[in-house]
Amino acid sequence: MDMVVDDVLTELEFSGYSTTSTTTTTVTTDDEYGCTWNDWSPVVDWDELSGPHDDFHDLIELMIDDNSTAAYHHHVGNAEAAEEDAPEMGVAAAEDSKGLRLVHLLMAAAEALTGATKSRELARVILVRLKELVSPHDGTNMERLAAHFTEGLQGLLEGAGGGHNKHMLGTGSHHHHHHHDDHHQTDVIAAFQLLQDMSPYVKFGHFTANQAILEAVTHDRRVHIVDYDIMEGIQWASLMQALVSRKDGPPAPHLRITAVSRGGSGRRFIGTVQETGRRLTAFAASIGQPFSFHQCKLDSDETFRPSALKLVRGEALVFNCMLHLPHFNYRAPESVASFLCGAKALNSRLVTLVEEEVGPTGDGGFMGQFMDSLHHYSAVYDSLEAGFPMQGRARALVERVFLGPRIFGALARIYLARGDEERHSWGEWLAVSGFRPLSVSFANHCQAKLLLGLFNDGYRVEELANNRLVLGWKSRRLLSASIWTSPDCDFFN
Amino acid sequence: MERTLFSQSETHFLHPNLHVNGHDPNMQSTNNQPQSSHTSTSRSSDSGEPTGDGKWASRILRECARAISNEDSGQIHNLLWMLNELASPYGDCDQKLASYFLQALFCKATESGQRCYKTLISVAEKSHSFDSARKLILKFQEVSPWTTFGHVASNGAILEALEGETKLHIIDISNTLCTQWPTFLEALATRNDETPRLKLTVVVTASIVRSVMKEIAQRMEKFARLMGVPFEFNVISGLNHLGELTKEGLGVQEDEAIAVNCIGALRRVEVEEREAVIRMLQSLHPRVVTIVEEEADFSSSRNDFVKCFEECLRFYTLYFEMLEDSFPPTSNERLMLERECSRSIVRVLACDDEQNGNVGDCERRERGIQWIERLKEAFSPISFSDDVVDDVKALLKRYKAGWALVLPKEDDPGTYLTWKEEPVVWASAWKP
């Protein structure tokens with residue numbers, strides 16, 4: 001009897017919690033006594049169990065459509081109402097709803113990072129979700145844009161707490177961002193070329209400034225242009241061509257360009273300032289434009305010192321300040337301010353300013369600026385798509401090389417500045433500092449319109465002030481070009 | 001017994017911002033009742049505290065519960081959407097909790113709890129089989145003492161109370177698929193020189209379980225034959241509520257020594273009827289009554305949605321974390337247990353008690369101290385003997401670390417199973 005009991009005991013497995021002290025070991029599956037509690041049984045079919053769950057998720061998604069009330073009715077059993085109101089999901093509608101969803105998620109993440117009830121953990125989780133939904137290389141404009149914004153927010157999340165976000169700004173837009181460190185020279189040049197071809201941003205800035213300069217120096221024999229950020233110098237190539245081909249006027253003046261240069265590790269991918277100088281010099285020679293090139297180094301903290309400029313009596317002084325063209329780098333406000341102050345100190349006859357047009361940002365807090373930034377870049381993406389609708393890869397290159405890093409940096413700046421007062425434009429700064437606006441000529445305005453006409457009729461130019469033209473895409477204003485003269489300069493009186 | 005939980009005053013010293021859970025008058029009288037989550041800093045159940053880096057799911061869930069209570073439809077909409085984006089029944093604990101509680105919140109917001117619950121039940125019933133149920137229970141028992149704790153304590157108390165009797169009649173009100181009884185039968189067969197007769201009457205309430213009882217009956221009878229225990233097995237099902245049980249209905253005979261074993265049974269009774277059920281149990285004149293319940297209070301706050309929600313969240317967060325800790329990472333059984341929770345959660349949070357006469361079990365748990373108040377009306381407590389306590393301790397040693405046994409002071413009966421120092425299951429024994 002005992003033996004039988006022992007045998008049976010070893011076959012029982014009740015998680016070993018027998019009240020006797022025998023330790024039961026794991027068992028055989030002998031069916032002899034019909035008491036084999038350890039047979040394997042078929043696994044439960046999950047698909048069968050998932051029915052109500054799926055309906056429920058779809059319903060939530062329906063809720064975020066305009067037809068949210070329909071979703072409520074539907075669920076409470078009002079079948080007729082549901083049929084009438086059920087949203088039609090054509091492809092465009094589906095894309096829109098995904099786009100809307102991405103925007104909601106981005107907003108939620110931004111809110112979690114900086115809102116009244118901050119939660120880094122929640123932000124992290126939302127960003128994980130976003131990354132599942134988007135990629136910087138594929139998908140619609142909104143999806144690619146959302147991917148870059150997601151990366152930007154991720155950077156803030158990782159840096160928040162350390163001082164890392166300052167590094168994100170850097171002097172080079174690729175400074176902190178992992179995959180931008182290995183931009184090849186050829187990629188950058190190609191991207192720039194494409195940017196020029198696909199969109200009027202660069203030309204708009206250059207041509208508006210150049211036209212204003214031409215008009216301001218018609219009778220001068222010496223012109224000195226101080227350029228805050230010469231980059232590849234292409235603005236001056238076209239100015240020189242215009243100078244040389246002036247009809248009915250004095251011969252081309254001597255043109256002197258002083259390029260502001262930065263010591264240290266500015267990004268080098270477009271080549272050094274010296275190279276630009278050499279190129280311009282060669283070009284000037286080739287078209288017969290009297291030309292000389294100089295550099296003016298900024299301090300280590302990028303402050304501009306007017307005393308570092310070499311000035312010549314009788315020259316018409318122009319300060320050229322291109323700030324936010326798509327392929328440009330971020331420049332610290334203190335540096336820009338020092339440059340513009342320099343213009344004032346030296347009584348520059350003309351100041352040409354091109355900068356990003358900032359939208360209304362409500363109370364100026366992080367969320368407002370974040371949304372504005374999203375709106376801004378979404379317009380830029382759309383405009384590029386209009387320029388090259390079929391060339392997804394080309395656009396992706398421009399986005400990757402230029403726009404992605406800009407977005408990354410823009411978010412870092414907004415984040416660092418949150419809580420500060422509403423940001424001002426440099427135009428406002430100039431006005432407050434006493435600079436006087438100069439009218440944009442009719443010719444200049446017409447030129448801008450002609451330029452845009454070469455691209456896509458989604459672009460438009462507005463004269464928002466008598467000294468200011470603004471380039472926009474559809475309803476979104478993007479880039480502002482304005483002209484000014486120093487407070488004490490009496491040339492235009 | 002040494003205490004593993006802080007007393008109330010120590011709690012306040014360590015966490016001065018905490019407010020003690022609930023306003024149950026019972027709790028204030030005794031300092032040494034095991035407090036709930038406030039002693040453990042990892043539990044984030046306090047609604048008022050700003051949690052900079054706290055668990056994201058519980059924050060959003062609680063905000064949503066508040067929004068529903070305030071009828072702030074914009075916020076509700078927003079938060080449900082966010083939860084929907086981030087939740088997943090297959091993700092980490094946060095995502096799972098988000099997913100299941102989202103379902104309940106959605107049902108509450110759209111007043112569709114009853115329909116949802118019915119659907120969940122019917123889906124579960126369709127896929128429920130003896131094999132799957134058995135596998136589930138056994139696997140759970142293998143990795144966690146959550147259920148076996150109560151079995152061991154109850155069996156020990158019953159064996160001791162019925163020592164020397166020759167005709168035993170155990171009335172088992174539970175849904176444990178009789179996993180408690182093989183060990184009991186074995187003990188009956190080996191402890192006594194003369195093996196007593198055992199009549200086992202199982203009262204089944206969950207509809208899901210009824211379908212498999214036939215097979216269980218066969219196996220139990222076979223096993224009893226094997227053990228050499230004279231055995232009779234009956235099943236009672238289809239009751240509308242437990243109060244309908246009678247001596248005659250249960251087949252109780254005068255010469256039988258009765259033991260009533262309630263495992264997770266009392267919580268399935270509608271709150272207003274609990275008193276009547278306890279009196280019914282009293283009318284059976286049992287020698288011993290063993291009660292095992294999960295330690296949570298969904299009953300005293302049932303008219304305060306936010307409070308009830310928070311307690312629900314606290315309890316199920318604990319439960320889910322325990323499941324995660326106990327089971328291997330990819331486990332179907334764990335998923336099934338979580339799915340079961342989803343039904344309970346919907347039932348407690350989104351189903352109106354008044355409207356739900358026949359929508360299955362109530363699920364409103366109460367804490368040990370609350371049950372004690374009820375049971376004291378009809379019974380007096382029995383302490384678990386040292387032998388039983390030793391058996392339970394031996395049981396706990398077989399599992400992963402984290403489990404402990406807590407015995408309260410002498411005047412309070414019952415024993416608590418704790419996990420990571422949180423009381424989770426309460427077991428007690430009573431006599432007339």
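Residues numbered from 1 in each chain as written. Chains lettered and ligands numbered in written order. Predicted model: local features only at pLDDT ≥ 70, side-chain atom pairs only at ≥ 80, totals over all residues. Heavy atoms only, no water.

1. With respect to the overall build of chain B
The helix and strand inventory of chain B stands at 17 helices and nine strands. Residues classed as buried in chain B amount to 61% of the 432 residues present. Sequence-distant contacts, at least 24 apart, represent 75% of the contacts inside chain B between residues at least 6 apart. (Helix = DSSP H or I, 4+ residues; strand = E, 2+ residues; numbered from the N terminus. Buried < 20%, exposed > 50% of the residue type's maximum accessible area, 1.4 Å probe, protein only. Contact = heavy atoms within 4.5 Å.)

2. Concerning the overall build of chain A
Within chain A, the regular secondary structure consists of 18 helices and nine strands. Looking at chain A as a whole, 53% of its 493 residues qualify as buried. Sequence-distant contacts, at least 24 apart, represent 74% of the contacts inside chain A between residues at least 6 apart. Entry remark: accessible area of chain A is about 22,300 Å², with carbon and sulfur atoms responsible for 53%. (Areas by Shrake-Rupley, 256 points an atom, 1.4 Å probe, with all protein chains shown as cover.)

3. As for the nonpolar core
Judged by nonpolar contacts, the single largest core of 178 residues is most densely connected at L153 of chain A together with F101, L105, Y316, Y319 and L349 of chain B. Composition of this core by domain shows at least three residues from each of domain 1 (98–161 + 361–422) and domain 2 (199–358 + 424–485) of chain A. Excluding residues within four positions of it along the chain, L153 of chain A makes contact with L106, A109, A110, L113, L127, F366, F370 and L411 of chain A. Counting residues in hydrophobic clusters, the runner-up holds 37 residues, among them I158, F184, L185 and A189 of chain B. (Core = buried A, V, L, I, M, F, W, Y, C linked by side-chain atoms within 4.5 Å. Domains from an automatic or database assignment.)

4. Observations regarding the pattern of salt bridges
Under the defined criterion, the tally for this structure stands at 45 salt bridges over all chains. Where E385 of chain A meets R395 of chain A, a salt bridge forms, and the shortest distance between an N and an O atom there is 3.6 Å. In this pair, E385 of chain A is assigned in helix α15 (residues 366–387) and R395 of chain A in helix α16 (residues 392–416), connecting sequence segments 10 residues apart. Residue classification places E385 of chain A among the partly exposed residues on the basis of a relative accessible area of 32%. For R395 of chain A, a relative accessible area of 4% corresponds to the buried category. For the salt bridge of R62 of chain B with E310 of chain B, the shortest nitrogen-to-oxygen distance reads 3.7 Å. Note that R62 of chain B is positioned in helix α3 (residues 56–70) and E310 of chain B in helix α14 (residues 305–326), a separation of 248 residues in sequence. When sorted by exposure, R62 of chain B lands in the same class as E310 of chain B, which is buried. (Salt bridge = Lys/Arg side-chain N within 4 Å of Asp/Glu carboxyl O.)

5. Notes on the pairing of strand β9 (residues 422–431) of chain B
Two faces belong to every sheet, and in a regular strand the side chains alternate between them. Residue and element names in this part refer to chain B. Counting buried residues along β9, nine of its 10 residues qualify, which places the element largely inside the surrounding structure. In the sheet, strand β5 (residues 288–294) pairs with β9 via six bridges, with the strands oriented antiparallel. Bridge assignment links I291 to a residue of β9, and that residue is S428. Strand direction decides the pairing type here: strand β6 (residues 380–382) and β9, joined by three bridges, are antiparallel. Each residue of the ladder has a partner; that of I382, found in β9, is A429. Relative to β9, strand β8 (residues 415–419) runs antiparallel, the two being bridged by five bridges. Within β9, the residue paired with T418 across the bridge is P423. Hairpin connection, β8 to β9: the antiparallel pair is bridged by two residues, and K420 has positive phi, about 50°. (Pairing = 2+ DSSP bridges.)

6. Re the domain arrangement of chain A
All names here are of chain A. Domain boundaries in chain A define domain 1 (98–161 + 361–422) and domain 2 (199–358 + 424–485). Each of domain 1 and domain 2 has a C-alpha centre, and these two points are 30 Å apart. With 16 residues of domain 1 at the contact, the number on the domain 2 side is 19 residues. Where domain 1 abuts domain 2, roughly 1,400 Å² becomes buried across the two surfaces, and 58% of that area is made up of carbon and sulfur atoms. (Buried area = accessible area lost by both parts, 1.4 Å probe.)

7. Observations regarding helix α13 (residues 273–287) of chain A
Residue and element names in this part refer to chain A. Between its first and last C-alpha atoms α13 spans 21 Å; for 15 residues at 1.5 Å apiece the expected length is 21 Å, and the two agree. Elements in contact with the buried residues of α13: α12 (234–244), β2 (254–261) and β3 (291–297). G288 occupies a position one or two residues after α13 and carries a positive phi of about 75°. (Expected span 1.5 Å × (residues − 1).)

8. Some words on the packing of aromatic side chains
This structure, assessed with the given rule, holds 29 aromatic pairs over all chains. For the ring pair F304 of chain A and F319 of chain A, a centre distance of 5.9 Å and an interplane angle of 90° mean the geometry is edge-to-face. One end of the pair, F304 of chain A, is in the loop between β3 and β4 (316–322); the other, F319 of chain A, is in strand β4, and 15 residues separate them in sequence. The same class applies to F304 of chain A as to F319 of chain A, namely buried. Between the aromatic rings of F140 of chain B and F327 of chain B, the centroid separation amounts to 6.1 Å while the plane-to-plane angle is 15°, which identifies the pairing as stacked. Taken together, the residues F140 of chain B in helix α7 (residues 130–143) and F327 of chain B in the loop between α14 and α15 (332–350) connect sequence positions 187 residues apart. (Phe/Tyr/Trp six-rings, centres within 6.5 Å; stacked < 30°, edge-to-face > 60°.)

9. Notes on a negative patch on the surface
All names here are of chain B. There is a patch of like negative charges on the surface, built from E160, D386, D387 and D390. With three residues, the single largest contributor to the negative patch is helix α17 (residues 386–397). Inspection of the secondary structure puts D386 in helix α17. Classification of D386 as exposed rests on a relative accessible area of 61%. (Patch = residues over 30% accessible without salt bridge, like charges linked within 9 Å, V, L, I, M, F, W, Y side chains within 5 Å. Lys, Arg positive; Asp, Glu negative; His and termini not counted. Charge placed at Lys NZ, Arg CZ, Asp CG, Glu CD.)

10. Describing the packing of helix α6 (residues 113–127) of chain B against α15 of chain B
Residue and element names in this part refer to chain B. Two elements in contact, α6 and α15, have axes separated by 9 Å at closest approach and are oriented at 160°. One way to sum up the angle between α6 and α15 is to call them roughly antiparallel. When the axes of α6 and α15 are compared, the crossing they make is left-handed. Counted together, G113, Q114, C116, Y117, L120, I121 and A124 of α6 and S342, R343, V346, R347 and A350 of α15 form the full contact between these two elements. (Axes fitted to C-alpha atoms, helices over the stretch in contact; angles between N-to-C directions. Parallel < 35°, antiparallel > 145°, perpendicular 65-115°, else oblique. Left-handed = near helix turned anticlockwise from the far one by under 90°.)

11. Points about the confidence of the model for chain A
Across chain A, the average pLDDT comes to 77, with 72% of residues at 70 or higher. Taken together, the stretch residues 161–165 of chain A has pLDDT below 50 and engages in nine contacts with residues farther than four places along the chain or on a different chain. (pLDDT = per-residue confidence, 0-100.)

12. Concerning the confidence of the model for chain B
Residue and element names in this part refer to chain B. Looking at chain B as a whole, the pLDDT averages 83, with 84% of positions reaching at least 70. Contacts from residues 1–53, a stretch scored under 50 in pLDDT, to residues over four places away or in other chains number 89 contacts. Reported for the predicted complex are a pTM of 0.73 and an ipTM of 0.71.

13. Quick look at unusual backbone geometry
All names here are of chain B. The backbone phi angle of E111 is positive, close to 55°, even though this residue is not glycine. Tracing the sequence through the fold places E111 in the loop between α5 (93–110) and α6. Note on E111: relative accessible area 73%, which makes it exposed.

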